[in-house]
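# Structure at a glance
The chain contents come next:
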Amino acid sequence: MFADLHLHSCFSDGTWTPEQLVEQAQLHNLNALGLTDHDTVEGCARMSEACSKHGIAFAPGVEMTTELDGEELHILGYFIDPTNSDLLSQLAKFQAARQQRVREMVARLNDLGISLHLQMVLELANCHSPGRPHVARALVQQGFCSNHEEAFERFLKKHRPAWVPKWKVQTPNGIQLVHQAGGLAVLAHPGLNRADRMIPFLVDAGIDGLECFHPKHSPGMAAHYTAIAKQHGLLITGGSDCHGLNKGKATIGTVRLPHDCFQKLADSARNRQSASGQQGRENNSDGDLPIADTAILK
Ligand code: AMP
Ligand code: ZN
Ligand code: FE
Ligand code: FE
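If you're wondering where the values come from, they're calculated on a predicted model, not measured in any experiment. (Residues numbered from 1 in each chain as written. Chains lettered and ligands numbered in written order. Predicted model: local features only at pLDDT ≥ 70, side-chain atom pairs only at ≥ 80, totals over all residues. Heavy atoms only, no water.)

Here the focus is the environment of Ile-207. Structurally, the position occupied by Ile-207 is in the loop between helix H8 (199-204) and strand E7 (209-213). Take Ile-207: its relative accessible area is 6%, and that puts it in the buried class. With 32 residues separating them in the primary sequence, Ile-207 and Ile-175 have C-alpha atoms 6.5 Å apart. (Helix = DSSP H or I, 4+ residues; strand = E, 2+ residues; numbered from the N terminus. Buried < 20%, exposed > 50% of the residue type's maximum accessible area, 1.4 Å probe, protein only.)

Below, the structure written as structure tokens:
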């Protein structure tokens, strides 16, 4: 029994619908899934329904864009309530900023003499949380680049001419937002973000887990982060970071997390939710803390 807890759907920059993701997961004999779209939870309701139809366990999730000490860190939120109003209002800000960013990227491309139409990119993205992969796909479709990689290399990678920085929240605020929405916060793909030096700080900030297993983590890196997770008493997660056919070949099935890790995550989320419910009743409040609006534009 295996899980995949890092999946992107067409509600962000994945190419598959939630139903298609579930269909693919079945082909790979996965029996627990997490949907972690970039800065949106809009796919969670459909994914939950598709999973329950097929007897697959489901963790509603999100991959939130955060920043700590100049480094972009992605925080995965699991077992969040996708109807939580604080979460939804913060995610709406991310989405508005992402849409504005696409407009700026297209404007930069136009300034470079690339006559890509904004409308065409927005239609192709067809979601509230667009990203660079949509712009890359549009560049390929319109014949300006021969593939996704070329689009990133020439235009979209950090400090390339059409790159526009992304709106982020400070990582501790992202963790707090996940907690307020009843979820657990996990540091995504720490091996890709030179995050090791930040882990003790993140532990103090309340991080609950580390994504030890990821297609871009070598077996050595997976073992390294598993040891760090154990050292700090953190949960261990993993997933394929599948974006459907965005990058050619889909990665679903390349990371198979033992079901036990999913179970521990689910149990821990339940314990946390019942503890905060208890605390809320004792305080005669709903347990919500104010979220500082410290989102920054870098
Ligand atoms: P964004 O959220 O707009 O910054 O886009 C980030 C997404 O773009 C990642 O989740 C990857 O799917 C993709 N990506 C980032 N860097 C590259 C790259 N060098 N080549 C291809 N895809 C990339
Ligand atoms: Zn992505
Ligand atoms: Fe990520
Ligand atoms: Fe991801």
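Only His-6 (NE2), His-8 (NE2), Glu-63 (OE) and Asp-241 (OD) from the protein reach the iron ion (ligand 4) as donors, at distances of 2.1 to 2.2 Å. What the four donor atoms of the iron ion (ligand 4) show is an angle range of 78 to 164° at the metal, which sorts the shape as irregular. Here the iron ion (ligand 4) and the zinc ion (ligand 2) are spaced 4.8 Å apart. Taken together, the positions of His-8 in the loop between strand E1 (2-7) and helix H1 (18-27) and Asp-241 in the loop between strand E8 (235-238) and strand E9 (257-258) put the pair 233 residues apart, joining distant regions of the chain. The same class applies to His-8 and to Asp-241, which are both buried. (Donors = N, O, S within 2.8 Å, 3.2 Å for Na, K, Ca; no water. Tetrahedral: all angles 85-135°; square planar, octahedral: opposite > 155°, others 65-115°.)

Let us look at the packing of helix H4 (residues 118-125) against helix H5 (residues 132-141). Following both chains from N to C, one finds H4 and H5 inclined at 115°, their axes separated by 9 Å at the closest point. The two elements H4 and H5 meet at a crossing, and its hand is right-handed. Note on element contacts: H5 touches H4 through His-134, Val-135, Arg-137, Ala-138 and Gln-141, opposite Met-120, Val-121, Leu-124 and Ala-125. By residue class, the composition of the contact of H4 with H5 is six nonpolar, two polar and one charged. (Axes fitted to C-alpha atoms, helices over the stretch in contact; angles between N-to-C directions. Left-handed = near helix turned anticlockwise from the far one by under 90°. Contact = heavy atoms within 4.5 Å. Nonpolar A, V, L, I, M, F, W, Y, C, P; charged D, E, K, R; others polar.)

Those residues of helix H6 (residues 148-156) that sit buried are His-148, Ala-151, Phe-152, Phe-155 and Leu-156. Burial along H6 is one-sided: seen end-on, the buried residues are contained in an arc of 110°. Considering only its buried residues, H6 is in contact with helix H3 (85-111) and H5. Where H6 begins, the capping side chain belongs to Asn-147, and its oxygen is found 3.2 Å from the backbone nitrogen of Glu-149. (Arc of directions from axis to C-beta. Polar contact = N/O pair within 3.5 Å; in protein donor to acceptor, adjacent residues only side chain to side chain.)

Taken as a whole and assessed by the stated rule, the structure comprises 11 salt bridges. Ionic pairing is found between Glu-150 and Arg-154, a salt bridge with its closest N-O pair at 2.6 Å. Here Arg-154 and Glu-150 lie together in helix H6, a separation of four residues that amounts to about one turn. A relative accessible area of 22% means that Glu-150 is categorised as partly exposed. A salt bridge links Asp-208 to Arg-272; the shortest N-O distance between them is 3.8 Å. Of the two residues, Asp-208 sits in the loop between H8 and E7 while Arg-272 sits in helix H10 (residues 259-282), which places them 64 residues apart along the sequence. Given a relative accessible area of 14%, Asp-208 falls into the buried group. One network of salt bridges, with partners in common, ties together Glu-153, Lys-157 and Arg-160. (Salt bridge = Lys/Arg side-chain N within 4 Å of Asp/Glu carboxyl O.)

Coordination of the iron ion (ligand 3) by the protein involves Glu-63 (OE), His-74 (ND1) and His-189 (NE2), with metal-donor separations of 2.0 to 2.2 Å. Binding-site remark: the iron ion (ligand 3) is held by donors from one chain whose sequence spacing is E-x10-H-x114-H. The distance between the iron ion (ligand 3) and the iron ion (ligand 4) comes to 3.5 Å, with Glu-63 serving as a donor to both metals. Here the residue His-74 occupies a position in strand E4 (residues 71-78), and His-189 occupies one in the loop between strand E6 (184-187) and H8, the gap between them amounting to 115 residues. Each member of the pair, His-74 together with His-189, is buried.

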